[in-house]
Amino acid sequence: MTDKQHITIKGVKEGLVFLLDDKCEFSALLDELQFKLEKSHQQLLTGPIVHVHVKLGARQASEEEKESIKAAIRQRGNLLVQSVESDVPQEPEGENPHNLKVHTGIIRSGQTLEHNGSLLLMGDVNPGGTLLCTGDIYVLGALRGLAHAGMQGREESIIAASLMRPTQLRIGEVISRPPDEWMSGDAAMEFAYLSEGVMKIDKMTQLHRLRIQPVVFKA
Amino acid sequence: MGEAIVITSGKGGVGKTTTSANLGTALALLGKKVCMVDTDIGLRNLDVVMGLENRIIYDLIDVAEGRCRLNQALVKDKRFDELYMLPAAQTKDKHDIDPEQVRDIILELKKDYDYVIIDCPAGIEQGFRNAVAGADRAIVVTTPENAAVRDADRVIGLLEQSQVPARLVINRIRANMVRSGEMLDIDEICQVLAVDLLGIVPDDEKVIRAANAGEPTVMDPSSRAAIAYRNIARRMLGDMVPLMPLEEKSGVIKRFRKFLGIG
């Protein structure tokens, strides 16, 4: 048998729960299931009729695969498969930039706020504080620390702040160091973006030129 | 039950010990029963600033390790009957005591005193954790320098994590440098740190002189820093005291000289 167990069988009030590992090969899973049912767990699996729930973890199994699991368990006459389920399919977070998180508070020196998706911070980022995001960063407050948007290479990400006074800005792989590279004296809300691999900064009112989203008015 | 207040800053040399000594004395001056606790083990100097060095018999570690009773280690101040100090050990280091032990000692002291003022060492390591363990509130001391403000910010973040509410004292302000824009001004610091301002203390040579003499500055009412510390102590008691003006009140002659541009 393989050195690592892929299947955990737990007894619950309703019957048995089979927890199947979601990282390994599906065939390995089936083999082990067969083995467990036929060899190692006989004492547990004989007797009165037992309801069985199968949990697949994060694995997204096809109908055939689910059917083969059911078939394998049904071989034991006393096991009644009630359900074969995967965890609620989570949005593949990093790929969905609209997974917006709203956070309220001050990110102070030495503190880091990390998020898969976009981040709306209601508060300041102080020098020495860090924001890390795979999507956009919007700060309703003063950005005085470091902000890194589009961490996994989403170069169309932006960093917007009510007061843009960062120690450093990063979008994708591009690092910019104000005020050496640019300085904005404006008190208006601004955003940073990449244009041909160079970081630029502009007033919030110009964002629509970068991101064309037709406005739909509903009557 | 009294209140335990930790005086901390992150950065060294901004005036934690001076502030502890002066606020402790100022509170005693206002008739409160105060105990100051030095948690800067290995680098104690609250006793030096208070001029009580030669009266120390036992210290914080002795109490923690049960070599003496808490009351035996307390040093009574030479000026006030209701002012005591628990000195730190000089020969040990910060790892010889843990936050739980400090918390127990502070808890014990809070039963007998109105205020327990805890002088915190610089840094954010073990010594800081020890000092903060028993505190109900914190006073963060900073100076109008970028480095000190950064460290104060870090410390405020850590205090928020331990749910110790912090207030700010800005120490060593020089009116002329603020006026010329060479020094961070108070509003700027408060904006970044976003905590309540408890008071400002002007830079004053008398503070250094007094510390060397082992006599807290607050005792000398002619010093502007002394007045500032007394104001802070009154605010701690809940009085509304306006911030003192940075500039000294100028007399007619001074104003006239200023008018002519030679003042």
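Residues numbered from 1 in each chain as written. Chains lettered and ligands numbered in written order. Predicted model: local features only at pLDDT ≥ 70, side-chain atom pairs only at ≥ 80, totals over all residues. Heavy atoms only, no water.

Notes on the overall build of chain B
No. 1: A count of helical and extended segments in chain B gives 12 helices and 8 strands.
No. 2: Taking the principal axes of its C-alpha atoms as reference, chain B extends roughly 70 × 40 × 35 Å.
No. 3: Here chain B holds 263 residues, and 54% of them are scored as buried.
No. 4: In chain B, once contacts between residues fewer than 6 apart in sequence are set aside, the share between residues at least 24 apart is 74%.
No. 5: As displayed, chain B offers around 12,200 Å² of accessible surface, 48% of which is attributable to carbon and sulfur atoms. (Helix = DSSP H or I, 4+ residues; strand = E, 2+ residues; numbered from the N terminus. Buried < 20%, exposed > 50% of the residue type's maximum accessible area, 1.4 Å probe, protein only. Contact = heavy atoms within 4.5 Å. Areas by Shrake-Rupley, 256 points an atom, 1.4 Å probe, with all protein chains shown as cover.)

Notes on the overall build of chain A
No. 1: Within chain A, the secondary structure is distributed over 4 helices and 15 strands.
No. 2: Taken across its 219 residues, chain A has 44% of its residues classed as buried.
No. 3: Within chain A, contacts between residues at least 6 apart in sequence are counted, and of these 35% link residues at least 24 apart.

Quick word on the packing of aromatic side chains
No. 1: Inspection of the entire model under this criterion finds 2 aromatic pairs over all chains.
No. 2: One residue, Lys33 of chain B, lies across the ring of Tyr113 of chain B, its end atom 5.0 Å from the ring centre. (Phe/Tyr/Trp six-rings, centres within 6.5 Å; stacked < 30°, edge-to-face > 60°. Lys NZ or Arg CZ within 6 Å of the ring centre and 35° of its normal.)

Re the UniProt feature "domain: CobQ/CobB/MinD/ParA nucleotide binding" (unreviewed entry) in chain B
No. 1: UniProt records the feature "domain: CobQ/CobB/MinD/ParA nucleotide binding" (unreviewed entry) for residues 5-216 of chain B in the present numbering.
No. 2: A helix fraction of 42% and a strand fraction of 19% characterise residues 5-216 of chain B, whose end C-alpha atoms lie 19 Å from each other. (UniProt positions renumbered as here; feature names shortened; annotations may be inferred.)

Concerning helix α7 (residues 146-161) of chain B
All names here are of chain B.
No. 1: Over its 16 residues, α7 runs 23 Å from end to end, which matches the ideal 22 Å to within 8%, given 1.5 Å per residue.
No. 2: Within α7, the full set of buried residues consists of Ala148, Val149, Ala152, Asp153, Val155, Ile156, Gly157, Leu158 and Leu159.
No. 3: Those residues of α7 that are buried are in contact with β1 (3-8), α6 (126-133), β6 (137-142), β7 (166-173) and α9 (186-193).
No. 4: Within two residues after α7, Gln163 carries a phi angle of roughly 55 degrees, on the positive side. (Expected span 1.5 Å × (residues − 1).)

As for the sheet that holds strand β3 (residues 50-55) of chain A
Residues and elements named next belong to chain A.
No. 1: With mixed pairing, the 4 strands of this open sheet are ordered in space as β1-β2-β3-β4. Sheet topology places β1 (7-12) and β4 (79-85) at the edges, where each strand pairs with a single neighbour. Strand-to-strand twist in this sheet, taken as the mean axis angle between neighbours without regard to direction, amounts to 25 degrees.
No. 2: Here helix α1 (residues 26-40) sits on the sheet in contact with β1, β2 (15-20) and β4, set at roughly 50 degrees to β1.
No. 3: On top of the sheet, helix α3 (residues 63-74) reaches β2, β3 and β4; it is set at about 160 degrees to β4, its chief contact. (Pairing = 2+ DSSP bridges. Axes fitted to C-alpha atoms, helices over the stretch in contact; angles between N-to-C directions.)

Thoughts on the pairing of strand β2 (residues 34-38) of chain B
Residues and elements named next belong to chain B.
No. 1: For β2, the buried fraction is high: 5 of the 5 residues fall into the buried class.
No. 2: Neither face of β2 is left uncovered, since the one carrying Val34, Met36 and Asp38 and the one carrying Cys35 and Val37 both have all their residues buried.
No. 3: Where β2 lies against strand β4 (residues 83-86), 4 bridges are found, and the strand directions are parallel. Looking at the pairing, Val34 lines up with Leu83 of β4.
No. 4: In the sheet, β2 pairs with strand β5 (residues 115-119) via 5 bridges, with the strands oriented parallel. Across the sheet, the residue bridging to Val37 is Ile118, located in β5.

Focus on the environment of Ala138 of chain B
All names here are of chain B.
No. 1: Here Ala138 lies in strand β6.
No. 2: Judged by relative accessible area, Ala138 falls into the buried class, the value being 2%.
No. 3: Through-space distance from the C-alpha of Ala138 to that of Leu159 is 7.8 Å; in sequence the pair is 21 residues apart.
No. 4: When near neighbours in sequence (up to four residues on either side) are disregarded, Ala138 contacts Ile5, Val6, Leu159, Val164, Pro165, Ala166 and Arg167.

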